Amino acid sequence: MKVLIVEDESMAAKRLTNLLLKLEPDIEILDQLDSVKTAVKWLSNNQADLLFFDIQLADGLSFEILNQVNIQTPIIFTTAFDEYAIKAFKVNSIDYLLKPIDPEELKHALEKFHQNFKQPETQQPNMAMLEQAMKMLTKQYKERFVVKIGEHIHTIPVSDTAYFFSQDKATFLVTEEKKRYIIDYTLEEVEGLIDPQDFFRINRKYLVSMRAVKDIVSYTNSRLRIILHQSDEMDAIVSRERVQDFKKWLDR
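Bear in mind the structure is a predicted one, so any value in this text is a computation, not a measurement.

So, about the overall build of the protein chain. Helices and strands together make up the secondary structure of the protein chain, namely eight helices and 17 strands. Put simply, of all contacts in the protein chain between residues at least 6 apart along the chain, 54% involve residues at least 24 apart. Of the accessible surface of the protein chain, which amounts to about 14200 Å², a share of 47% is contributed by carbon and sulfur atoms.

Let us now look at the packing of aromatic side chains. In the structure shown here, the tally under the stated rule is 12 aromatic pairs. Between the aromatic rings of Tyr-163 and Tyr-206, the centroid separation amounts to 5.7 Å while the plane-to-plane angle is 45°, which identifies the pairing as tilted. Residue Tyr-163 is located in strand β10 (residues 161-167), and its partner Tyr-206 is located in strand β14 (residues 206-209); the two are separated by 43 residues in the primary sequence. Comparing Tyr-163 with Tyr-206, the two get one shared label, buried. Members of the aromatic cluster, joined through ring pairs, are Phe-145, Phe-164, Tyr-185 and Phe-199. Positioned above the aromatic ring of Phe-172, the side-chain terminus of Arg-180 is 5.7 Å from the ring centre.

This paragraph deals with helix α8 (residues 243-250). Within the span of α8, buried status applies to Val-243, Asp-245, Phe-246 and Trp-249. What you see down the axis of α8 is that its buried residues fit within an arc of 160°, all on one side. The secondary structure elements touched by the buried residues of α8 are α1 (10-23), β13 (199-201), β14, β15 (213-218), β16 (224-228) and β17 (237-238).

Moving on, we get to the environment of Ala-39. Structurally, the position occupied by Ala-39 is in helix α2 (residues 36-45). Its relative accessible area of 0% is what places Ala-39 among the buried residues. Between the alpha carbons of Ala-39 and Leu-4 there is a distance of 9.2 Å; along the sequence they are 35 residues apart. With near-sequence residues (within four places) excluded, Ala-39 lies in contact with Val-6, Leu-33 and Ile-65.

The biggest cluster of nonpolar side chains holds 22 residues, and the ones touching the most others in it are Leu-43, Phe-53, Ile-65 and Ile-71. The set of elements that each furnish at least two residues to this core consists of β1 (2-6), α2, β3 (50-54), α3 (63-68) and β6 (75-79). If one sorts the elements of this core by residue count, α2 sits on top with five residues.

This part takes up the packing of α1 against helix α5 (residues 103-116). Across the interface, α1 lies against α5 with an axial gap of 11 Å and an inter-helix angle of 60°. Taken together, the axes of α1 and α5 lie oblique to each other. Crossing of α1 over α5 shows right-handed handedness. When α1 is examined against α5, the residues Arg-15, Leu-16, Leu-19, Leu-20 and Leu-23 are found in contact with a partner set consisting of Pro-103, Leu-106, Lys-107 and Leu-110.

Let us now look at the side chain of Thr-175. Considering the arrangement of structural elements, one finds Thr-175 in strand β11 (residues 170-175). Under the relative-accessibility criterion, Thr-175 is labelled buried at 7%. Apart from residues lying up to four places away in sequence, Thr-175 is in contact with Ile-156, Asp-160, Thr-161, Ala-162, Tyr-181 and Gln-230.

Okay, the sheet that holds β1 next. By way of backbone hydrogen bonds, the strands of a sheet pair with one another, either parallel or antiparallel. Overall, parallel pairing links the five strands, which are arranged β2-β1-β3-β6-β7 in an open sheet. Every interior strand has two partners, whereas the edge strands, β2 (28-33) and β7 (95-98), have only one. On average, each strand axis in the sheet is inclined to that of its neighbour by 20°, with strand direction left out of account. When β1 meets β2, the two strands line up parallel, connected through five bridges.

Glycine aside, residues mostly have negative phi angles, and peptide bonds mostly take the trans form. In this structure, the amide linkage connecting Lys-99 to the following residue, Pro-100, adopts the cis form with an omega of 0°. With respect to the helices, strands and loops of the structure, Pro-100 is situated in the loop between β7 and α5. Phi is positive for Asp-168, which is not a glycine, with a value near 50°. Along the chain, Asp-168 falls in the loop between β10 and β11. For Asp-168, a relative accessible area of 74% corresponds to the exposed category. Located in the positive-phi region is Lys-169, a residue other than glycine, with phi close to 65°. If you trace the backbone, Lys-169 turns up in the loop between β10 and β11. You can call Lys-169 exposed: its relative accessible area is 92%.

So, how was this worked out
- Residues numbered from 1 in each chain as written.
- Predicted model: local features only at pLDDT ≥ 70, side-chain atom pairs only at ≥ 80, totals over all residues.
- Heavy atoms only, no water.
- Helix = DSSP H or I, 4+ residues; strand = E, 2+ residues; numbered from the N terminus.
- Contact = heavy atoms within 4.5 Å.
- Areas by Shrake-Rupley, 256 points an atom, 1.4 Å probe, with all protein chains shown as cover.
- Phe/Tyr/Trp six-rings, centres within 6.5 Å; stacked < 30°, edge-to-face > 60°.
- Buried < 20%, exposed > 50% of the residue type's maximum accessible area, 1.4 Å probe, protein only.
- Lys NZ or Arg CZ within 6 Å of the ring centre and 35° of its normal.
- Arc of directions from axis to C-beta.
- Core = buried A, V, L, I, M, F, W, Y, C linked by side-chain atoms within 4.5 Å.
- Axes fitted to C-alpha atoms, helices over the stretch in contact; angles between N-to-C directions.
- Parallel < 35°, antiparallel > 145°, perpendicular 65-115°, else oblique.
- Left-handed = near helix turned anticlockwise from the far one by under 90°.
- Pairing = 2+ DSSP bridges.

Below, the structure is given as structure tokens:
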């Protein structure tokens, strides 16, 4: 079986590849692409037996690929979005897997493919349903955070936020005016609530916005040091395993 993977997170693509080869050693991974543009170009000239599409890519939603190329190949979508969005897709008889992908769910999706691959028309997406789902996905990001200032409760728009960071088991929001507030979320929770197009998790401590990046400097061990407009901290370092994804995030 020949498979194409369209995924803009290198670690996620590697994990999916490893899971596929473990479940079905005879699978051939034809290519791993990271954008709508490259996928459209590849699919215009090549064919695969099964496609894996991450929903949100560096240059847009993978549904846009379907608007530009007539795809007759079964698709399994992968997504980091919540299960409510996924349930909206299930009616199409295509599989949608929540990331990080569970091996058992992937196994079930492959079994479903093998049972139905001779009838590809049953696998094709309902474009009206996908357009509805796109609207759901674009509305789910958090717009503001509630903070406490003395005895008062205020809200800070995400659009005014420069970066988030964790320290001493607390999570802080820092605004573009260098104001710092504690919020009632872990950094992992914040990462799942805000738009990944606007914020990037450079390491375990920092989640930064594009607006906050003042300069980028080469650092030891193939890492990058980020100089932030709103901070004099010296530990805003892009970890080595995130450098390539960070560069893709910048170049979009």
